[in-house]
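# Secondary and tertiary structure notes
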Amino acid sequence: MKHRIIFITLSIIMLLCTCITSFADDTVNITFWHGYNEDNGEADLLINTLIPQFEAEHPNIKVTAVSVPYDSFLTKLIAAISAGSAPDLFRSDIIWVPQLAEQGVLLSLDENMPDFEEYKEAVFEGPLSTNYWKGHYYGLPLDTNTKVWLSNSAMYEKAGVPVPTAMTELEETCKAIKASDPNAYLFSADGFYAWNLLPFIWSFGGGITDEEVTTADGYINSPQTVAAYEFIMKLYDEGCISPLIMGDGVDNYSGFAGGLYADISDGPWAYSILNGQFPDFNFEASLFPEGEGGSIQVIGGEDINIIAQTQHKEEALEFMRFLVSKDYQISMMSVGQMPVRNDLADSEEVKNHPYFGIFLEQIATSKARTAHPNWAQIDSVITDAGQLIARKEMSAQQALDDAAAKISELIK
Amino acid sequence: MKQLKEKKFPYLFILPGFLFLFVWLILPMLSALNISLRNWNIMPNMPKPWAGLTNYSQILSDSLFWLSLKNTFVYALVTVIGQMILGLLVALLIDNLIFGKVFFRAVYYLPVVTSWVVVSLLFKFLFNSSPSGFINYLLCNVFHIIDQPVSWLTEANTSFAAIDTLGIWKGIGFAMIIFLAALQSIPQDLYESAEIDGGGTIALFRYITLPALVPTIATVSVMLLIGAFQTYVPVAMITKGGPLHRTEMVVSYIYNTAFTNLNFGYSSALSYVFALIVFGLSRLQLRAFGGQKGIAEK
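Residues numbered from 1 in each chain as written. Chains lettered and ligands numbered in written order. Predicted model: local features only at pLDDT ≥ 70, side-chain atom pairs only at ≥ 80, totals over all residues. Heavy atoms only, no water.

## Quick notes on the overall build of chain B
Worth spelling out the cut-off: Helix numbering and strand numbering both begin at the N terminus, where a helix is a DSSP run of H or I of at least 4 residues and a strand a DSSP run of E of at least 2. The rule is simple: take the accessible area with a 1.4 Å probe, protein chains only, and divide by the maximum for that residue type; under 20% is buried, over 50% is exposed, in between is partly exposed. In this analysis, two residues are considered to be in contact whenever any of their non-hydrogen atoms come within 4.5 Å of each other. Only the protein chains shown count as cover for residues, and all accessible areas are computed by the Shrake-Rupley method using a 1.4 Å probe.
A count of helical and extended segments in chain B gives 12 helices and zero strands. Listing every helix and strand of chain B by position from the N terminus yields α-α-α-α-α-α-α-α-α-α-α-α. When its C-alpha atoms are laid out on the principal axes, chain B stretches across 80 × 75 × 30 Å. When burial is assessed residue by residue, chain B has 39% of its 298 residues classed as buried. The long-range share in chain B, meaning contacts at least 24 apart out of those at least 6 apart in sequence, stands at 66%. Counting only carbon and sulfur atoms, one obtains 71% of the accessible surface of chain B, whose full area is about 17000 Å².

And the structure:
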């Protein structure tokens, strides 16, 4: 009996304590999903330095940062949204935004963020445009990037030729590279998808659709786009482009650092990967070789978006302001994230950065991929056209005429 | 009254299992049926307009679905037959071992318990098209069967060779363990009396072992077939359905339709049609074994 009384008394005390704590605690928890790299210090900086800094400035907000790998990010996000357990805000690949906005998943900032105009003016126009869909802005850019032409210094030294600066020089350079090592390839890309092919298509003066994204006819099957595809196929047939483009072979980084590929086209993240995995390897960066349309690369990067069904809109917006703040953007530069703020473009931090210079120069002429909810399917059509041409199952013109019809149907 | 109470009693035992089945299997199936009849939106509070049988009628003209169905059938046929023949062979060998039965049983069963992702990546490495890829290295440099390395994973037929080999290698252990159990349950006196009557090894296998194994063969083939139809990971890891969707399987196609194209309604309709095809095939298969009562039908 005595034990029972003690047990009941203790239980009541514990219950009261729990109630008092929950009444006293008005902290709001927000969940932030990100795909920051866990190996090169990005995630570490976010979790151990930047979020504690934000929480110290905002004692009423607690941020739970969840690291989700890029490859499964969209799948997990969709599953969470359908189940009603989505995060409050997330770091999205710029190419996912139209698809998610079309489904009504994202909160429009121009309608919900009172100081949106101020932030709109503060960031680069190109990356900001990736948040625009059907008359509204659904997010802010968080970081930006593009790809440049990376060259294996030792291979060029051995071949005794300079790094090519124009498309017209690629064949001659390839001959010199192959003369010094018959097993080597001039260039490697891991597939025919848009991220790899668009720089060639655009630099040749071609395109995928018109500006308003109403038709692909006359764009993906234009003489310039056909010439770009034929040029890639010619290089492939001559053994200048590695078989990895067909879907199998030595991966880009191993082949590049291992002396098999003289060049790859890659983003700022390549530095941490190559320096980490191959510390003795030397490579140099230059602008993507110029064609008749210029030296035009693809804009990549991430946006920050809030889920429309969030219960903590104000707190999520406050955290978003922190993510695009000058301090945050400068801190993230130390781990290779390129900033999106206009006031940092000419800053000392950018000027003194070991490799941002060339990327910023390339970004000036880079373009964004077609903003459309069906982008994944459009990309699949572009990839299939490349495969059909490379396998000589169709001529470039034929395959791209078919692709034009399919893409026009997808964007209708 | 007592009789009624006794009759109710077994239902109480079934109830917990049934509840699990209802929540995790029947409810999602009904939910998928609902999704398949609508233009589904992933947001919980958004309208999901009724589409009737539109999603289902779309399947008829979807060439990608029929291509992936054909691929799945070919994969199932090759791997199920391969696993059964090799599984039976290994079971017979192990059954006749005097020493090391447990060891070899464990060794052959090991691939079954390894992760699909890990072994798929391993096979991708083995079948790499570069001259240093392991299979190419063996064929070119060790056995000198071919002069040039084969681009295994860039052609549909050779990609299937890699994926099918993986499927068979990983499944032999499963077939073996069930066949082994069945072999050990065949009464020894049958063999002894047949030997007295002058039966040779082949005759013993043909007239005693094989007939005794028919119910097991029926069970194993149905289970392997259902497993083969659900193949997703090796394709996703090794070829991603390429080149040109020529190694696409139905499950990978359903997955991409839902999670890449966000077309959940159509994806659910595809799942239902595919489930009906698999169900019909399993029934046919069991009937083909002449109503033999295997585990699957008990």
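## Re helix α3 (residues 70–82) of chain A
Put simply, the rule reads: Here, expected helix span is obtained from the residue count minus one, scaled by 1.5 Å.
An ideal rise of 1.5 Å per residue puts 18 Å on 13 residues; α3(A) measures up with 19 Å between its terminal C-alpha atoms. Taken as a whole, α3(A) has its buried residues at A:Phe73, A:Leu74, A:Thr75, A:Leu77, A:Ile78, A:Ala80 and A:Ile81. In this structure, the buried side of α3(A) is in contact with β1 (28–34), β3 (89–93) and α4 (97–102) of chain A together with α11 (250–259) and α12 (264–288) of chain B.

## Some thoughts on the domain arrangement of chain A
All names here are of chain A. How we decide: An automatic or database domain assignment is the source of the domain bounds shown. Two parts placed together each lose some accessible area; with a 1.4 Å probe, that loss summed over both constitutes the buried area. For this analysis, a salt bridge means a side-chain nitrogen from Lys or Arg found within 4 Å of a carboxyl oxygen belonging to Asp or Glu. Two N or O atoms form a polar contact when they lie within 3.5 Å of each other; inside protein one atom must be a possible hydrogen donor and the other a possible acceptor, and for residues adjacent in sequence the pair counts only when both atoms belong to side chains.
Examined at the domain level, chain A breaks down into domain 1 (27–145 + 302–363) and domain 2 (148–298 + 374–410). Between domain 1 and domain 2, the contact holds 10 residues from the first and 17 residues from the second. Carbon and sulfur atoms supply 69% of the area that domain 1 and domain 2 bury against each other, a total of about 1100 Å² over both sides. Connecting domain 1 to domain 2 are zero salt bridges. Seen at the junction of domain 1 and domain 2, the total is two residue pairs in polar contact (both at pLDDT 80 or more). Take the side of domain 1 that touches domain 2: its biggest share by element is four residues, from helix α17 (residues 356–363).

## Details of the layout of surface pockets
Residue and element names in this part refer to chain A. Rules: Using only the protein atoms, space was sampled on a 1 Å grid; points where a 1.4 Å probe fits but cannot get out form cavities, open sets with protein on both sides within 12 Å along at least five of seven lines form pockets, and lining residues are those with an atom within 4 Å of a point. Grid points are joined across faces, edges and corners, and a volume is the space filled by probe spheres set on the points.
What the second largest pocket holds in volume is close to 890 Å³. At three residues, the largest contribution of residues to the lining of the second largest pocket is made by helix α7 (residues 125–129). Looking at which domains feed residues into the lining of the second largest pocket, each of domain 1 (27–145 + 302–363) and domain 2 (148–298 + 374–410) gives three or more.

## Let's talk about the pattern of salt bridges
All names here are of chain A. The tally for this structure, following the rule as stated, stands at 13 salt bridges over all chains. Residue Glu172 pairs with Lys175 through a salt bridge whose shortest N-O separation is 3.5 Å. Placement of both Glu172 and Lys175 in helix α9 (residues 170–180) is noted, with a separation of three residues, approximately one turn of the helix. For the pair Glu172 and Lys175, a shared accessibility class is recorded, and that class is exposed. Here the salt bridges do not stand alone but share partners, grouping Arg91, Asp143 and Glu302 into one network.

## Looking at unusual backbone geometry
Residue A:Val213 is not a glycine yet carries a positive backbone phi of 55°. Position of A:Val213 among the secondary structure elements: in the loop between α10 (194–203) and α11 (223–237). The backbone of B:Lys240 sits at a positive phi, close to 55°, despite the residue not being glycine. When its relative accessible area of 65% is taken as the criterion, B:Lys240 is described as exposed.

## Concerning the packing of helix α9 (residues 201–229) of chain B against α12(B)
All names here are of chain B. Our working definition: The axes used here are C-alpha line fits, helices contributing only the stretch in contact, and every angle between their N-to-C directions lies in the interval 0 to 180 degrees. For classification, angles of less than 35 degrees are called roughly parallel, those exceeding 145 degrees roughly antiparallel, those between 65 and 115 degrees roughly perpendicular, and all remaining angles oblique. Helix crossings get a hand from a simple test, with the near helix turned counterclockwise from the far one by less than a right angle marking a left-handed crossing and a clockwise turn marking a right-handed one.
It is at 10 Å that the axes of α9 and α12 come closest, and there the two elements cross at 165°. Viewed along their axes, α9 and α12 adopt a mutual orientation that is roughly antiparallel. Along this stretch, α9 crosses α12, giving a crossing that reads as right-handed. Side by side, α9 and α12 meet where Ala218, Ser221, Val222, Leu225, Ile226 and Phe229 of the first sit next to Phe274, Val278, Leu281, Ser282, Gln285 and Leu286 of the second.

## Considerations on empty space enclosed by the protein
Residues and elements named next belong to chain A. Our working rule: For this classification, the nonpolar set comprises Ala, Val, Leu, Ile, Met, Phe, Trp, Tyr, Cys and Pro, the charged set comprises Asp, Glu, Lys and Arg, and every other residue, Gly included, is treated as polar.
For the structure on display, the rule yields one cavity of 30 Å³ or more. Contributing to the lining of the largest cavity are Tyr36, Leu142, Asp143, Tyr328, Gln329, Met332, Gln337, Met338 and Pro339. For the lining of the largest cavity, the secondary structure elements donating two or more residues are β6 (140–145) and α15 (326–333). Here the element with the most residues in the lining of the largest cavity is α15; it accounts for three residues. Residues belonging to the lining of the largest cavity are distributed by class as follows: six nonpolar, two polar and one charged.

## Examining the nonpolar core
Quick note on the threshold: To form a nonpolar core, buried Ala, Val, Leu, Ile, Met, Phe, Trp, Tyr and Cys residues must be joined to one another through side-chain atoms within 4.5 Å.
Core analysis: the largest hydrophobic core is formed by 82 residues, its most contacted members being A:Ile220, A:Tyr229 and A:Ile382. The residues that make up this core include at least three from each of domain 1 (27–145 + 302–363) and domain 2 (148–298 + 374–410) of chain A. In this structure, A:Ile382 is in contact with A:Phe192, A:Ala194, A:Leu197, A:Ile208, A:Ile220, A:Tyr229, A:Trp375 and A:Ile407, ignoring residues within four places of it in sequence. Grouped together as the second largest cluster of nonpolar side chains are 54 residues, B:Phe65, B:Phe127, B:Ala182 and B:Leu204 included.

## Topic: the interface of chain B and chain A
Listed by partner, the interface residues are 23 residues for chain B and 25 residues for chain A. Summed over both sides, the interface of chain B with chain A buries roughly 2100 Å², with 56% coming from carbon and sulfur. Of all residues in chain B, B:Ile42, B:Met43 and B:Leu244 bury the most surface against chain A, accounting for 27% of the area lost on that side. There are 10 residue pairs in polar contact (both at pLDDT 80 or more) connecting chain B and chain A. Grouping the constituent residues of the side of chain B that touches chain A by class yields 13 nonpolar, eight polar and two charged.

## Digging into the sheet that holds strand β11 (residues 300–306) of chain A
Residues and elements named next belong to chain A. What counts here: Strands are labelled as partners when DSSP assigns at least two bridges between them.
One open sheet holds the five strands; their spatial order is β2-β1-β3-β11-β6, and the pairing between them is mixed. Only two strands of the sheet have a single neighbouring strand rather than two, namely β2 (61–67) and β6. On average, each strand axis in the sheet is inclined to that of its neighbour by 20°, with strand direction left out of account. Across two bridges, the pairing between β1 and β3 is parallel. Paired with Trp33 across the strands is Phe90, a residue of β3.

## Points about the side chain of B:Thr154
Residue and element names in this part refer to chain B. Along the chain, Thr154 turns up in the loop between α6 (134–142) and α7 (156–184). A relative accessible area of 6% places Thr154 in the buried class. Within polar-contact distance, the side chain of Thr154 engages the backbone oxygen of Ser151 at 3.2 Å.

## Comments concerning the packing of aromatic side chains
Each aromatic ring pair is specified by the distance between its two centres and by the angle formed by the two planes. Residue and element names in this part refer to chain A. For clarity, the threshold we go by: Working definition: rings of Phe, Tyr and Trp (its six-membered ring) pair if their centres are within 6.5 Å, and the pair is stacked with planes under 30 degrees apart, edge-to-face with planes over 60 apart, and tilted otherwise.
Under the criterion given, the structure shown has 38 aromatic pairs over all chains. On the numbers, 4.9 Å between centres and 70° between planes, the contact of Phe54 with Phe319 is edge-to-face. Here Phe54, found in helix α2 (residues 42–57), pairs with Phe319, found in helix α14 (residues 313–323); they are 265 residues apart in sequence, far enough to count as distant. Accessibility expressed as a relative area gives 0% for Phe319, which makes it buried. Taking 6.3 Å as the distance between ring centres and 35° as the angle between the ring planes, the aromatic pair formed by Phe73 and Phe90 counts as tilted. Residue Phe73 is found in helix α3, and its partner Phe90 is found in strand β3; the two are separated by 17 residues along the sequence.

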